[in-house]
Amino acid sequence: MASTQLIPSALRAAPVVTLAFLVGWAVLDVSAIGDGRWAAGLLAVLGIGAAAVILSVVLRWRGIRPVGLVAIGASYIGAHAFVLGVQLVSALVFLSFLISQAELRILAERFAPLFEAALPPGERSRIHSALGRAVLRLIIAAVLSVVVPILAADLAVAGIVPATTIPTAIALAGALVAVVALLALMPSLSRRAA
Amino acid sequence: MRTPLSSGLAAASLGLLVAGLAFRSWQVVLLALPPVIVLALGSLFPPARPRLVAVRTLSRDRAEAGRDVDVKLVVRNDGPTLDLVEIVDVLPREFEVVHGTNHAVVSLERGGTMPMSYTVRSPVKGDFRIGPVRVRSLDPLALGAEDAVLPTDARLVVAPTMEDLRRTKLQPRRTRPWFGQVSSRQLGEGTDFWGVREYTAGDEVRRINWKASARLDRLYTNEYEGERSGDVVIVVDARRESFIGTETDNPIEHSVRAALGIAEHVLASKNRVGLIVQREVLDWVPPAFGRKQLYRILDHLTRVRPGGEWPFAHVAWVLTRFFPRDCLIVLISPLQDRAALNAVIAMEARGYDVAIVSPSPLAIEWRLGEQRPEDQTALRILRMERDNLVSQLRRVAQVVDWDPATPLALALRRIGTWPRPS
């Protein structure tokens, strides 16, 4: 009985806790900026982001939620890119948490109502296993999204990939654009093939 | 189908890439990788197109409002294995799921089945369709989805609850030459004693009044009051303007409940009952006897929804052309406009007997409102207006001003026999 109440509560709390953690982290980093104008500007962006996320929950206005997340991410990255200097590992972890927050919210919206309803044990165990698979994939994605860029950076720093040349930058940009375009077009291509 | 999250991740990745190149920061360029990695992982396991079959069974296909109905849904996967599939059995918005859930998110292997069972309850009457079943195959990172609709509909008729009027005296004043249970104030076949007369050849022996015969030394026969039946036409005002309150607590729902109770009671007394409903169309059922007629009336009342603006003049027109002249008209209306007064006067002038049951919209509004002191003043003014209309109507017809929070039988019993004998 305790687990039936614990799982939906944990699911509903997870995105909120993650968001609070991200906002706290961003506030700490932005307030470490010595220049008052930069700090004030970035704190304003952060405040707008947090307000947008809270309003989206209170007013059930889903349209402004992405604006809030983008503003929180932009204030953190802006603080590091313009003033503090980018610390790659912590920036990757921050970004990974930001993506995970969106994923956790979707999982919570999908699964929490199911665990709150009175269900037969068979149905409940199947929903349990589906949730387990989804969480596992999310953890793998979060870990890979931190580890792979660090490996890429290590390769570049070790000199295996010449990272500082213009042809490398152009090739990297071209490859990324191609990957994103491919990923964007894949659903419609696969539908046409089917 | 791409989800907004996948589009957002692609946009974030491109934005970070462009920003990194613009500021010549390789660290920012590397930050473009995490969204791409999540997108790539999502694309490795794209959601398969769902090919499912659903079978639904209901514990009953007719139920009274407020009664529980069990639904069993079995979904079978005839297509490829679905990593994560969301199944929703679409219910009418009036329905409330009281046990279990009509929604599931599971994994379904090829040939696998997913049984779902839940209990629904509808607080309002209606002819409802349960279904279709909507299915969405998802990738676990919520980056893509494939939708399907399984056309599995089931019909559930929810009948209105019935007012219990068994102990109420409710009968038409004028009778027709058919046997029934209404005293006709004429000699005939019946059980109520009328008088005695001299015996004539052919009189039944069991009708001879032996006491009177012994006393007067001649044979006398008992006479009885004939019991006949009459016609009652119930007019339900379900116009848009009569709708005040919530879906379950509004004058139209209460009118339907009252109409069904009256129809059941009058039909049980072997009278004919007809029905006219003012809704989006002017709907009517010609008068008839018996259980079948009750089901016919129930069927029409189940479909009543607020709508339309048919004036009472049209009801009068239908009455004069399609219904007998000497019937009792029971008008069930919240009396929201004064047109009712003119209509009732016109009907009385044409020779109809009219009785009115009026579910009070003021009582409903007051219950649902915040009941502030200024509302009390407004209520008092509105009540005066309503009392004025009711007292004007009482000059030509008998009116029952009914607070739907109390049983109709109680409101009818307060005024004795209804309608009043002339």
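The paragraphs below set out a description of the structure included in this document.

1. A short note on the overall build of chain A
Point 1. Scanning chain A from N- to C-terminus turns up 6 helices and 0 strands.
Point 2. When each of the 194 residues of chain A is scored for burial, the buried share is 31%.
Point 3. Sequence separation of 24 or more characterises 66% of the internal contacts of chain A that already satisfy a separation of 6 or more.

2. What to know about the environment of A104(B)
Point 1. For A104(B), the position within the fold is in strand β6 (residues 103-108).
Point 2. Residue A104(B) is classed as buried on the basis of its 25 C-beta neighbours within 10 Å.
Point 3. With 127 residues separating them in the primary sequence, A104(B) and D231(B) have C-alpha atoms 54 Å apart.
Point 4. Those residues in contact with A104(B), other than ones at most four positions away along the chain, are L114(A), E123(A), I127(A), I87(B), M114(B) and M116(B).

3. Observations concerning the packing of helix α4 (residues 88-116) of chain A against helix α5 (residues 121-157) of chain A
Residue and element names in this part refer to chain A.
Point 1. Following both chains from N to C, one finds α4 and α5 inclined at 170 degrees, their axes separated by 10 Å at the closest point. By the criterion of interaxial angle, the relationship of α4 to α5 is roughly antiparallel. The crossing of α4 and α5 is right-handed. Each of L88, V89, L92, V93, S96, I99, S100, E103, L107, F111 and L114 in α4 lies in contact with α5, whose residues at this interface are I127, L131, A134, L138, A142, S145, V146, P149, I150 and A153.
Point 2. Residue composition of the contact of α4 with α5, by class: 17 nonpolar, 3 polar and 1 charged.

4. Here's the deal with the interface of chain B and chain A
Point 1. Between chain B and chain A, the contact holds 47 residues from the first and 50 residues from the second.
Point 2. At the level of secondary structure, the elements contributing two or more residues to the side of chain B that touches chain A comprise α1 (4-22), α2 (26-31), α3 (33-44), β4 (82-89), β5 (96-100), β6 and β7 (113-121) of chain B.
Point 3. Of the residues forming the side of chain B that touches chain A, the biggest block, 10 residues, is contributed by α3(B).
Point 4. Among the residues making up the side of chain B that touches chain A, the classes are represented as 32 nonpolar, 12 polar and 3 charged.

The rules behind these values
Residues numbered from 1 in each chain as written. Chains lettered and ligands numbered in written order. Predicted model: local features only at pLDDT ≥ 70, side-chain atom pairs only at ≥ 80, totals over all residues. Helix = DSSP H or I, 4+ residues; strand = E, 2+ residues; numbered from the N terminus. Buried ≥ 20, exposed ≤ 12 C-beta atoms within 10 Å, placed from the backbone. Contact = placed C-beta atoms within 7 Å. Axes fitted to C-alpha atoms, helices over the stretch in contact; angles between N-to-C directions. Parallel < 35°, antiparallel > 145°, perpendicular 65-115°, else oblique. Left-handed = near helix turned anticlockwise from the far one by under 90°. Nonpolar A, V, L, I, M, F, W, Y, C, P; charged D, E, K, R; others polar.

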